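Summary of structural features
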Amino acid sequence: MPDIFEYAPAPESRGIVDIKPSYGLFIGGDFVEGHGTSFKTVNPATEEVLAEVAEADAADVDAAVAAARAAYDSVWSRMPGRERAKYLFRIARILQERGRELAVLESIDNGKPIKESRDVDVPTAAAHFFYYAGWADKLEHAGLGRRQDGSVPRPLGVAGQVIPWNFPLLMLAWKIAPALACGNTVVLKPAETTPLTALLFAEICQQADLPPGVVNIVTGAGATGQALVAHPDVDKVAFTGSTEVGKAIARAVAGTSKKVTLELGGKAANIVFDDAPIDQAVEGVVNGIFFNQGHVCCAGSRLLVQESVAEEFLARLKRRMGTLRVGDPLDKNTDIGAINSAEQLAKIRELSAIGEAEGAGRWSPACDLPATGYWFPPTIFTGVSQAHRIAREEIFGPVLSVLTFRTPAEAVEKANNTPFGLSAGVWTEKGSRILFMADRLRAGVVWANTFNKFDPASPFGGYQESGYGREGGRHGLEGYLR
Ligand code: TAP
């Protein structure tokens, strides 16, 4: 008899999703053929081509913006908030009802484990629609003030929204729910590698009888996003993605009247003090960097551990990493799924090789990676100095850089030694130390004795090169109101 029990495979059935061979653009309430070419979306776990998807060109973007403008002028901006709320509640309920379908589709198109798409992405997306549905008829109570004539804050108009591939449905919900609640209409561009749940969401808008043109989905790559944010009839640009593209967008809209929010990259410190409950902190560090294959803007990609406990902490961390299961995203036992694309895998490999070349110690547990698809084992680098590129640049993969510190002041200095400022984690038993650290850490979110926790009522966003503006909570309304 073996001394450890093996997990039997527990695959979720993919029979629940109906992936069409090809998809058009969702404009004015209908699926239409684009004028441009098409591209393939691939299952990153198997490299199987899932569907051909239309690539929107400038004329398609123009048509989508025109549809959004028409819906804004004729229906959505005039509709009382309590009526808009009914549509948002309806969408939220359909997201729940079709949750299993959405979760399976997300895992197939993105590569993330089904337990994450099922238990985090889809429920949190539905929660965002529920939450903002509640605000739609209460905007005058959001604390955003009244205009001089005494009227309540007004919507901006047409929002052009561009999202990344790491949380395709969830980022869509973060963007669309507050925009609609405030009375704006939207044109959204999902990432090229993960368009399928946005296209299923378009069907959900039809199912919810959302007035045509209130939500438009234009699929495509960077050029489509560029055409959207630069469109003269877009009043608001909401972007989540890399700092590099965020800077290009800020330049493109400078000098226009467009309102902009940018949610960009991060290089968060997860700081473990010597009095922290050590096993709990190990779980938090594992969740902080290996959740969603480390494709998380707020991932705890730098572990700062107090020198006096570093050896013991690393030993326990390695033991825990040895139990992580890497493989089939549709298996309910899988902890780490596939890397989203060949390009992202190449980037993770390149930065990891640089880490080794710069002298850091590389370690991964023994794990068999599937022969096809894009895979990277959970990895830690020890002996990392602040000058190393793996301590400075966002790797956006399951790679943790380990640094040590002696005093709280040194932990603050090291944590803040980054051009980013999105999130941080603090692990300690002392409440006073949590407050000391939270006061000094330059990060939009500081988690205490937990990590990667999201709630629609809580604002999220960054400092410095992590962007500006907040999404979520009451603050998330601000970006969509005049
Ligand atoms: P990007 O390469 O920046 O892409 C993001 C989106 O912008 C994609 O839809 C992309 O299209 C599009 N795009 C590319 N070039 C564009 C341009 N010139 N103008 C307009 N749109 C353009 O980022 P990514 O690799 O998908 O996502 C990873 C990054 O997102 C990481 O840096 C991560 O930290 C960040 N992120 C931040 C947050 C928050 S809340 N701060 C959340 C999630 C992710 P294609 O993909 O189709 O080319």
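Reading the values: the criteria
Residues numbered from 1 in each chain as written. Predicted model: local features only at pLDDT ≥ 70, side-chain atom pairs only at ≥ 80, totals over all residues. Heavy atoms only, no water. Buried < 20%, exposed > 50% of the residue type's maximum accessible area, 1.4 Å probe, protein only. Helix = DSSP H or I, 4+ residues; strand = E, 2+ residues; numbered from the N terminus. Polar contact = N/O pair within 3.5 Å; in protein donor to acceptor, adjacent residues only side chain to side chain. Core = buried A, V, L, I, M, F, W, Y, C linked by side-chain atoms within 4.5 Å. Domains from an automatic or database assignment. Contact = heavy atoms within 4.5 Å. Axes fitted to C-alpha atoms, helices over the stretch in contact; angles between N-to-C directions. Parallel < 35°, antiparallel > 145°, perpendicular 65-115°, else oblique. Left-handed = near helix turned anticlockwise from the far one by under 90°. Nonpolar A, V, L, I, M, F, W, Y, C, P; charged D, E, K, R; others polar. Pairing = 2+ DSSP bridges. Buried area = accessible area lost by both parts, 1.4 Å probe. Salt bridge = Lys/Arg side-chain N within 4 Å of Asp/Glu carboxyl O. Right-handed = clockwise from strand over helix to strand, strands pointing away. Near = heavy atom within 4 Å. Areas by Shrake-Rupley, 256 points an atom, 1.4 Å probe, with all protein chains shown as cover.

**Some remarks on helix H1 (residues 58-76)**
- Of all the positions in H1, only Asp60, Val61, Ala64, Val65, Ala67, Ala68, Arg69, Ala71, Tyr72 and Trp76 are classed as buried.
- Two or three places before Ala59, at the opening of H1, Asp57 has a side-chain oxygen 3.0 Å from that residue's backbone nitrogen.

**Regarding the nonpolar core**
- Formed by 107 residues in total, the largest nonpolar core has its most connected members in Phe129, Val215, Phe313 and Leu317.
- Ranked by the residues each element gives to this core, the list is headed by helix H5 (residues 168-181), at 11 residues.
- Built from parts of two domains, this core gets at least three residues from each of domain 1 (22-264 + 465-480) and domain 2 (269-455).
- In contact with Val215, other than residues within four places in its own chain, are Phe26, Ile176, Leu180, Val186, Phe201, Cys205 and Leu210.
- With 29 residues, the next largest nonpolar core counts Ala269, Ile339, Val412 and Met437 among its residues.

**Some remarks on the packing of H1 against helix H7 (residues 222-230)**
- H7 packs onto H1 with a crossing angle of 45° between their chain directions and a minimal axis gap of 9 Å. Classified by the angle between their axes, H1 and H7 sit oblique to one another. Crossing angle aside, the handedness with which H1 passes H7 is right-handed. Residue-level inspection shows Ala58, Val61 and Val65 of H1 in contact with H7, the latter providing Thr224, Ala227 and Leu228.
- When its residues are assigned to classes, the contact of H1 with H7 shows 5 nonpolar, 1 polar and no charged.

**Quick look at the sheet that holds strand S4 (residues 38-42)**
- Judged by pairing direction, the sheet is mixed, and its 3 strands sit side by side in the order S1-S5-S4 without closing on themselves. Looking at which strands have only one partner, the edges of the open sheet turn out to be strand S1 (22-23) and S4.
- As paired elements, S4 and strand S5 (residues 49-54) share 5 bridges and run antiparallel to each other. Bridged to Phe39 within S5 is Val53.
- Its contacts with the sheet place helix H6 (residues 196-207) against S1, S4 and S5, and it is angled at close to 65° to S5.

**What about the domain arrangement of the protein?**
- As far as domains go, the protein holds domain 1 (22-264 + 465-480) and domain 2 (269-455).
- A C-alpha centroid distance of 30 Å is found between domain 1 and domain 2.
- Taken residue by residue, the interface counts 29 residues in domain 1 and 31 residues in domain 2.
- When domain 1 packs against domain 2, the two sides together hide about 2,500 Å² of surface, and 59% of this comes from carbon and sulfur.

**So, the pattern of salt bridges**
- This structure, assessed with the given rule, holds 25 salt bridges.
- A salt bridge links Glu465 to Lys247; the shortest N-O distance between them is 3.4 Å. Here the residue Glu465 occupies a position in the loop between strand S17 (445-448) and strand S18 (467-468), and Lys247 occupies one in helix H8 (residues 243-253), the gap between them amounting to 218 residues.
- Several salt bridges converge on common partners, so that one network encompasses Lys20, Arg98, Glu101 and Glu203.

**Quick notes on the side chain of His295**
- Structurally, the position occupied by His295 is in the loop between helix H9 (278-290) and strand S12 (302-306).
- Looking at His295, the relative accessible area reads 0%, which means it is buried.
- At a separation of 2.8 Å, a polar atom in the side chain of His295 contacts the main-chain carbonyl oxygen of Phe396.
- Sequence-distant contacts of His295, defined by excluding residues within four places in its chain, comprise Trp165, Asn166, Phe167, Ala338, Ile339, Asn340, Gln344, Ile348, Phe396 and Gly397.

**Examining the environment of Asp60**
- One can find Asp60 in helix H1.
- Residue class for Asp60 comes out buried when judged on its relative accessible area of 2%.
- Placed 164 residues apart in sequence, Asp60 and Thr224 show a C-alpha to C-alpha distance of 9.0 Å.
- Discounting residues that sit within four places of it in the chain, Asp60 has contacts with Leu25, Ile27, Gly34, His35, Gly36, Glu55 and Val218.

**Some remarks on the pairing of strand S10 (residues 259-263)**
- In terms of residue burial, S10 counts as a mostly covered element, since 4 of its 5 residues are buried.
- Note that strand S9 (residues 236-240) and S10 share 5 bridges and pair parallel. Residue pairing for S10: Val237 is matched across the bridge by Val260.
- The parallel pair S9 and S10, bridged by H8, forms a crossover whose chirality is right-handed.
- Here S10 runs beside S18; their pairing, made up of 2 bridges, is antiparallel. The partner of Glu263 across the bridge, within S18, is Gly467.

**Some thoughts on the sheet that holds strand S13 (residues 361-363)**
- One open sheet holds the 7 strands; their spatial order is S13-S14-S15-S12-S11-S16-S17, and the pairing between them is mixed. Every interior strand has two partners, whereas the edge strands, S13 and S17, have only one. On average, adjacent strands in this sheet sit at an angle of 20° to one another, irrespective of strand direction.
- Here 5 bridges tie S12 to strand S15 (residues 399-405), and the two strands are oriented parallel to one another. Within the sheet, the bridge partner assigned to Val305 lies in S15 and is Thr404.
- Against the sheet, helix H10 (residues 307-321) engages strand S11 (269-272), S12, S13, strand S14 (379-382) and S15, with an angle of about 130° to S12.

**Observations concerning the site of the ligand**
- By nearness alone, 28 residues border the ligand, and Ile163, Glu192, Ser242, Leu264 and Glu394 come closest of all.
- Between the ligand and the protein, one listed contact pairs an oxygen atom with a side-chain N or O atom of Trp165 at 3.1 Å.
- The contact in question runs from an oxygen atom of the ligand to an N or O atom on the backbone of Gly220, over 3.3 Å.
- Taken by itself the ligand offers 920 Å² of open surface, and the protein chains cover 87% of this.
- Contributing elements (two or more residues each) for the shell around the ligand: H7, S9 and H8.
- Sort the elements by how many residues they give to the shell around the ligand and H7 lands first, with 3 residues.
- Across the shell around the ligand, the residue classes break down as 15 nonpolar, 9 polar and 4 charged.
- No fewer than three residues from each of domain 1 (22-264 + 465-480) and domain 2 (269-455) sit in the shell around the ligand.

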